[in-house]
Amino acid sequence: MTVLLGANTAQPAAHSAAAPAAATPAAAATQRPSEGSVHSWDLSTGVDGPGTRFVTFLSGCPLTCLYCHNPDTWKMRGGKRTSADAVIAEAAKYRKFIAASGGGATVSGGEPLLQPVFAGELLHRMKHELGLHTALDTSGFLGVRATDALLRDVDLVLLDIKSWDRETYRRVTGRPLRPTLDFAQRLADLGKEVHLRFVLVPGLTDARENIEGVAAFAGSLGNVSRVDVLPFHKLGEAKWQALGMNFTLRDTPSPDAGQVAEAREIFEARGLTAV
(Lines give C-alpha, C1' and ligand atoms only; values in the text may rest on other atoms or scores of the structure.)
Protein backbone atom coordinates (compact mmCIF):
# COMPACT_ATOMS: atom_id res chain seq x y z
CA MET A 1 0.00 0.00 0.00
CA THR A 2 2.36 2.70 -1.20
CA VAL A 3 1.09 6.20 -0.46
CA LEU A 4 2.53 8.87 -2.73
CA LEU A 5 2.64 12.19 -0.96
CA GLY A 6 -0.05 14.61 -1.96
CA ALA A 7 -2.56 11.82 -2.62
CA ASN A 8 -5.99 12.21 -1.05
CA THR A 9 -6.28 9.00 0.94
CA ALA A 10 -8.77 8.13 3.65
CA GLN A 11 -7.28 6.66 6.82
CA PRO A 12 -9.03 4.04 8.96
CA ALA A 13 -10.11 5.53 12.28
CA ALA A 14 -9.69 2.13 13.93
CA HIS A 15 -5.91 2.44 13.74
CA SER A 16 -5.62 6.01 15.00
CA ALA A 17 -3.80 6.37 18.30
CA ALA A 18 -2.57 9.22 20.38
CA ALA A 19 1.20 9.21 20.63
CA PRO A 20 2.87 9.32 24.05
CA ALA A 21 4.81 12.41 25.01
CA ALA A 22 7.99 13.09 23.05
CA ALA A 23 11.22 11.84 24.56
CA THR A 24 13.37 14.23 22.55
CA PRO A 25 14.56 17.20 24.65
CA ALA A 26 13.19 20.45 23.24
CA ALA A 27 16.66 21.92 22.88
CA ALA A 28 17.82 18.97 20.79
CA ALA A 29 14.69 19.06 18.65
CA THR A 30 15.21 22.69 17.72
CA GLN A 31 18.65 21.84 16.34
CA ARG A 32 17.19 19.44 13.77
CA PRO A 33 15.67 20.37 10.41
CA SER A 34 11.95 19.64 10.51
CA GLU A 35 11.63 18.72 6.84
CA GLY A 36 13.12 16.30 4.36
CA SER A 37 12.56 15.07 0.83
CA VAL A 38 10.15 12.13 1.03
CA HIS A 39 9.10 9.98 -1.92
CA SER A 40 6.29 8.03 -0.22
CA TRP A 41 5.29 5.89 2.71
CA ASP A 42 3.84 2.43 2.86
CA LEU A 43 2.63 -0.36 5.12
CA SER A 44 4.46 -3.57 4.26
CA THR A 45 4.85 -7.05 5.68
CA GLY A 46 7.86 -9.33 5.45
CA VAL A 47 10.21 -7.35 3.20
CA ASP A 48 11.30 -4.30 5.21
CA GLY A 49 12.03 -5.90 8.56
CA PRO A 50 10.04 -8.10 10.95
CA GLY A 51 6.27 -7.88 11.19
CA THR A 52 4.14 -5.17 9.62
CA ARG A 53 6.18 -2.02 9.06
CA PHE A 54 5.47 1.63 8.46
CA VAL A 55 8.10 2.36 5.79
CA THR A 56 9.18 5.89 4.91
CA PHE A 57 10.95 6.13 1.55
CA LEU A 58 13.29 9.12 1.41
CA SER A 59 14.34 10.55 -1.94
CA GLY A 60 17.87 10.66 -3.26
CA CYS A 61 20.48 7.94 -3.74
CA PRO A 62 24.17 8.07 -4.70
CA LEU A 63 24.02 4.56 -6.23
CA THR A 64 22.60 3.75 -9.66
CA CYS A 65 21.97 0.03 -9.32
CA LEU A 66 21.29 -1.76 -12.58
CA TYR A 67 18.36 -3.69 -11.10
CA CYS A 68 16.86 -0.94 -8.96
CA HIS A 69 13.09 -1.27 -8.89
CA ASN A 70 12.59 2.33 -7.69
CA PRO A 71 14.76 4.53 -9.93
CA ASP A 72 12.21 7.29 -9.33
CA THR A 73 13.74 7.68 -5.85
CA TRP A 74 17.25 8.49 -7.11
CA LYS A 75 16.87 12.27 -7.29
CA MET A 76 16.32 14.29 -4.14
CA ARG A 77 14.20 16.79 -6.02
CA GLY A 78 11.89 13.97 -7.07
CA GLY A 79 10.46 13.83 -3.57
CA LYS A 80 8.18 16.20 -1.68
CA ARG A 81 9.37 18.43 1.14
CA THR A 82 7.63 16.90 4.12
CA SER A 83 7.81 17.65 7.82
CA ALA A 84 8.89 15.06 10.33
CA ASP A 85 5.69 15.91 12.21
CA ALA A 86 3.61 14.83 9.20
CA VAL A 87 5.44 11.49 8.89
CA ILE A 88 5.13 10.75 12.61
CA ALA A 89 1.44 11.68 12.61
CA GLU A 90 0.82 9.29 9.73
CA ALA A 91 2.71 6.45 11.43
CA ALA A 92 0.84 7.07 14.68
CA LYS A 93 -2.44 6.12 12.98
CA TYR A 94 -1.18 2.55 12.66
CA ARG A 95 0.86 2.32 15.87
CA LYS A 96 -1.31 -0.18 17.75
CA PHE A 97 -1.79 -2.37 14.67
CA ILE A 98 1.94 -2.39 13.92
CA ALA A 99 2.94 -3.10 17.51
CA ALA A 100 0.44 -5.98 17.75
CA SER A 101 2.06 -7.61 14.69
CA GLY A 102 5.53 -7.47 16.19
CA GLY A 103 6.46 -4.94 13.54
CA GLY A 104 7.83 -1.43 13.60
CA ALA A 105 9.03 1.44 11.46
CA THR A 106 11.64 1.37 8.69
CA VAL A 107 13.37 4.37 7.13
CA SER A 108 14.34 3.46 3.58
CA GLY A 109 14.93 5.09 0.23
CA GLY A 110 16.51 5.87 -2.09
CA GLU A 111 19.32 6.07 0.43
CA PRO A 112 18.19 7.48 3.80
CA LEU A 113 21.72 8.41 4.84
CA LEU A 114 21.75 11.02 2.09
CA GLN A 115 19.51 12.90 4.56
CA PRO A 116 21.07 11.72 7.83
CA VAL A 117 19.69 14.40 10.16
CA PHE A 118 16.12 14.01 8.91
CA ALA A 119 16.41 10.22 8.91
CA GLY A 120 17.80 10.38 12.44
CA GLU A 121 14.89 12.48 13.64
CA LEU A 122 12.38 10.05 12.16
CA LEU A 123 14.10 7.06 13.74
CA HIS A 124 14.35 8.78 17.12
CA ARG A 125 10.71 9.79 17.18
CA MET A 126 9.43 6.46 15.84
CA LYS A 127 11.31 4.74 18.65
CA HIS A 128 10.75 7.11 21.56
CA GLU A 129 7.42 8.80 20.76
CA LEU A 130 5.64 5.87 19.15
CA GLY A 131 7.49 3.06 20.91
CA LEU A 132 8.14 1.18 17.67
CA HIS A 133 10.97 -1.17 16.71
CA THR A 134 13.15 0.73 14.22
CA ALA A 135 15.06 -0.35 11.14
CA LEU A 136 17.39 1.50 8.79
CA ASP A 137 17.46 0.23 5.20
CA THR A 138 20.76 1.24 3.58
CA SER A 139 23.44 0.32 1.08
CA GLY A 140 26.02 1.39 3.63
CA PHE A 141 27.83 3.55 1.08
CA LEU A 142 27.16 6.66 3.17
CA GLY A 143 27.64 4.91 6.49
CA VAL A 144 30.09 7.57 7.66
CA ARG A 145 27.12 9.96 7.78
CA ALA A 146 25.36 7.83 10.40
CA THR A 147 26.30 9.28 13.77
CA ASP A 148 26.52 7.12 16.86
CA ALA A 149 23.41 8.94 18.13
CA LEU A 150 21.48 7.97 14.99
CA LEU A 151 22.55 4.34 15.33
CA ARG A 152 21.49 4.23 18.98
CA ASP A 153 17.95 4.78 17.75
CA VAL A 154 18.21 1.89 15.27
CA ASP A 155 17.23 -1.61 16.43
CA LEU A 156 18.04 -3.31 13.11
CA VAL A 157 20.04 -2.42 10.01
CA LEU A 158 18.95 -3.87 6.67
CA LEU A 159 22.27 -3.80 4.82
CA ASP A 160 22.78 -4.52 1.13
CA ILE A 161 26.06 -6.06 0.01
CA LYS A 162 25.51 -6.29 -3.71
CA SER A 163 28.72 -8.08 -4.67
CA TRP A 164 32.06 -9.16 -3.22
CA ASP A 165 33.95 -8.74 -6.48
CA ARG A 166 34.93 -5.08 -6.59
CA GLU A 167 34.58 -4.67 -10.34
CA THR A 168 31.15 -6.27 -10.31
CA TYR A 169 30.08 -4.07 -7.42
CA ARG A 170 31.08 -0.94 -9.30
CA ARG A 171 29.36 -2.21 -12.44
CA VAL A 172 26.15 -2.86 -10.49
CA THR A 173 26.11 0.35 -8.43
CA GLY A 174 28.47 2.85 -10.04
CA ARG A 175 30.30 3.13 -6.69
CA PRO A 176 33.13 1.38 -4.78
CA LEU A 177 32.46 -1.38 -2.25
CA ARG A 178 34.87 -0.33 0.51
CA PRO A 179 32.58 2.17 2.32
CA THR A 180 29.90 -0.50 2.73
CA LEU A 181 32.37 -2.98 4.20
CA ASP A 182 33.70 -0.35 6.60
CA PHE A 183 30.16 0.44 7.74
CA ALA A 184 29.38 -3.25 8.18
CA GLN A 185 32.44 -3.64 10.40
CA ARG A 186 31.43 -0.59 12.43
CA LEU A 187 27.97 -2.09 12.99
CA ALA A 188 29.63 -5.31 14.14
CA ASP A 189 31.85 -3.40 16.56
CA LEU A 190 28.73 -1.73 17.98
CA GLY A 191 26.91 -5.05 18.24
CA LYS A 192 24.09 -3.71 16.06
CA GLU A 193 21.85 -6.43 14.61
CA VAL A 194 22.02 -6.73 10.82
CA HIS A 195 19.88 -8.43 8.21
CA LEU A 196 22.06 -8.68 5.12
CA ARG A 197 20.47 -8.65 1.67
CA PHE A 198 22.11 -10.06 -1.44
CA VAL A 199 20.43 -9.85 -4.85
CA LEU A 200 21.14 -12.91 -6.98
CA VAL A 201 21.44 -11.87 -10.63
CA PRO A 202 22.27 -14.61 -13.17
CA GLY A 203 25.38 -13.73 -15.13
CA LEU A 204 26.21 -10.81 -12.86
CA THR A 205 26.38 -11.63 -9.13
CA ASP A 206 25.82 -15.40 -9.18
CA ALA A 207 29.43 -16.62 -9.48
CA ARG A 208 30.11 -19.03 -6.64
CA GLU A 209 33.30 -17.27 -5.57
CA ASN A 210 31.41 -13.98 -5.44
CA ILE A 211 28.72 -15.39 -3.16
CA GLU A 212 31.33 -17.15 -1.03
CA GLY A 213 33.15 -13.84 -0.55
CA VAL A 214 30.02 -12.12 0.75
CA ALA A 215 29.20 -15.13 2.93
CA ALA A 216 32.68 -15.33 4.46
CA PHE A 217 32.65 -11.64 5.30
CA ALA A 218 29.14 -11.75 6.76
CA GLY A 219 29.97 -14.84 8.78
CA SER A 220 33.02 -13.14 10.27
CA LEU A 221 31.04 -10.19 11.67
CA GLY A 222 29.08 -11.94 14.41
CA ASN A 223 26.04 -9.63 14.23
CA VAL A 224 24.30 -10.84 11.05
CA SER A 225 21.18 -12.63 12.26
CA ARG A 226 19.68 -13.26 8.82
CA VAL A 227 20.62 -13.21 5.15
CA ASP A 228 17.96 -12.55 2.54
CA VAL A 229 18.93 -14.01 -0.83
CA LEU A 230 16.74 -11.98 -3.16
CA PRO A 231 16.08 -13.35 -6.65
CA PHE A 232 16.54 -10.74 -9.37
CA HIS A 233 13.28 -9.60 -10.95
CA LYS A 234 12.24 -7.04 -13.54
CA LEU A 235 9.21 -5.52 -11.78
CA GLY A 236 10.78 -2.07 -11.96
CA GLU A 237 11.44 -2.13 -15.71
CA ALA A 238 8.31 -0.11 -16.46
CA LYS A 239 9.57 2.69 -14.22
CA TRP A 240 12.86 2.78 -16.11
CA GLN A 241 10.97 3.06 -19.38
CA ALA A 242 8.65 5.77 -18.03
CA LEU A 243 11.72 7.78 -16.97
CA GLY A 244 13.33 7.35 -20.40
CA MET A 245 16.14 5.23 -18.92
CA ASN A 246 17.78 2.19 -20.47
CA PHE A 247 17.14 -0.96 -18.43
CA THR A 248 20.22 -2.96 -19.43
CA LEU A 249 19.10 -6.15 -17.65
CA ARG A 250 15.91 -6.53 -19.68
CA ASP A 251 17.14 -9.82 -21.17
CA THR A 252 18.49 -11.22 -17.89
CA PRO A 253 16.37 -14.07 -16.51
CA SER A 254 15.37 -14.47 -12.89
CA PRO A 255 17.31 -17.23 -11.09
CA ASP A 256 15.53 -20.55 -10.76
CA ALA A 257 14.74 -22.20 -7.43
CA GLY A 258 17.85 -24.37 -7.62
CA GLN A 259 20.14 -21.37 -8.05
CA VAL A 260 18.54 -19.58 -5.11
CA ALA A 261 18.81 -22.69 -2.92
CA GLU A 262 22.49 -23.11 -3.81
CA ALA A 263 23.22 -19.50 -2.87
CA ARG A 264 21.46 -19.95 0.46
CA GLU A 265 23.50 -23.06 1.15
CA ILE A 266 26.72 -21.08 0.68
CA PHE A 267 25.63 -18.61 3.37
CA GLU A 268 24.42 -21.39 5.65
CA ALA A 269 27.82 -23.09 5.38
CA ARG A 270 29.21 -20.01 7.16
CA GLY A 271 26.78 -20.50 10.05
CA LEU A 272 24.29 -17.91 8.80
CA THR A 273 20.52 -18.18 8.60
CA ALA A 274 19.59 -17.66 4.94
CA VAL A 275 16.08 -17.23 3.60
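Residues numbered from 1 in each chain as written. Predicted model: local features only at pLDDT ≥ 70, side-chain atom pairs only at ≥ 80, totals over all residues. Heavy atoms only, no water.

**Student:** Please give an account of the layout of surface pockets that cites residues and values.
**Tutor:** Roughly 1000 Å³ of volume is contained in the largest pocket. Lining the largest pocket are 42 residues, with His69, Asn70, Asp137, Asp160 and Arg197 sitting closest to its centre. Elements supplying a minimum of two residues to the lining of the largest pocket: strand E2 (35–45), strand E6 (133–138), strand E7 (156–160), strand E8 (194–200) and strand E9 (224–231). Of the residues belonging to the lining of the largest pocket, the class tally is 15 nonpolar, 17 polar and ten charged. (1 Å grid on protein atoms, 1.4 Å probe; cavity = no way out; pocket = protein on both sides within 12 Å on 5 of 7 lines; lining within 4 Å. Points joined across faces, edges and corners; volume = space filled by probe spheres on them. Helix = DSSP H or I, 4+ residues; strand = E, 2+ residues; numbered from the N terminus. Nonpolar A, V, L, I, M, F, W, Y, C, P; charged D, E, K, R; others polar.)

**Student:** Could you give an account of the environment of Leu159, naming the residues involved and the relevant values?
**Tutor:** Residue position: Leu159 is located in strand E7. On the accessibility criterion, Leu159 (2% relative accessible area) is buried. Residues contacting Leu159, with those up to four places away along its chain left out, are Thr138, Ser139, Gly140, Thr180, Phe183, Ala184, Val194, His195, Leu196 and Arg197. (Buried < 20%, exposed > 50% of the residue type's maximum accessible area, 1.4 Å probe, protein only. Contact = heavy atoms within 4.5 Å.)

**Student:** How would you summarise the packing of helix H8 (residues 208–221) against helix H10 (residues 257–268) if you had to cite specific residues and measurements?
**Tutor:** One way to put it is that H8 packs onto H10 with a least axis distance of 9 Å and a crossing angle of 40°. For the pair H8 and H10, the crossing hand works out as right-handed. On H10, the residues that touch Arg208, Ile211, Glu212, Val214 and Ala215 of H8 are Glu262, Ala263, Ile266 and Phe267. Here the contact of H8 with H10 is built from residues that sort into six nonpolar, no polar and three charged. (Axes fitted to C-alpha atoms, helices over the stretch in contact; angles between N-to-C directions. Left-handed = near helix turned anticlockwise from the far one by under 90°.)

**Student:** How would you summarise unusual backbone geometry if you had to cite specific residues and measurements?
**Tutor:** A negative phi angle characterises most non-glycine residues, just as the trans form characterises most peptide bonds. Cis peptide bonds are those with omega within 30 degrees of zero, and the linkage from Gly109 to Gly110 qualifies with 15°. The topology assignment puts Gly110 in the loop between strand E5 (104–108) and helix H4 (116–128).

**Student:** Could you give me a rundown of the environment of Ala146, with the residues and numbers involved?
**Tutor:** Here Ala146 lies in the loop between E6 and helix H5 (148–152). We classify Ala146 as buried; its relative accessible area is 1%. Spatially, the C-alpha atoms of Ala146 and Leu114 are 9.6 Å apart, while their sequence positions differ by 32 residues. Look past the residues within four positions of Ala146 in its chain and what remains in contact with it is Leu113, Leu151, Phe183 and Arg186.

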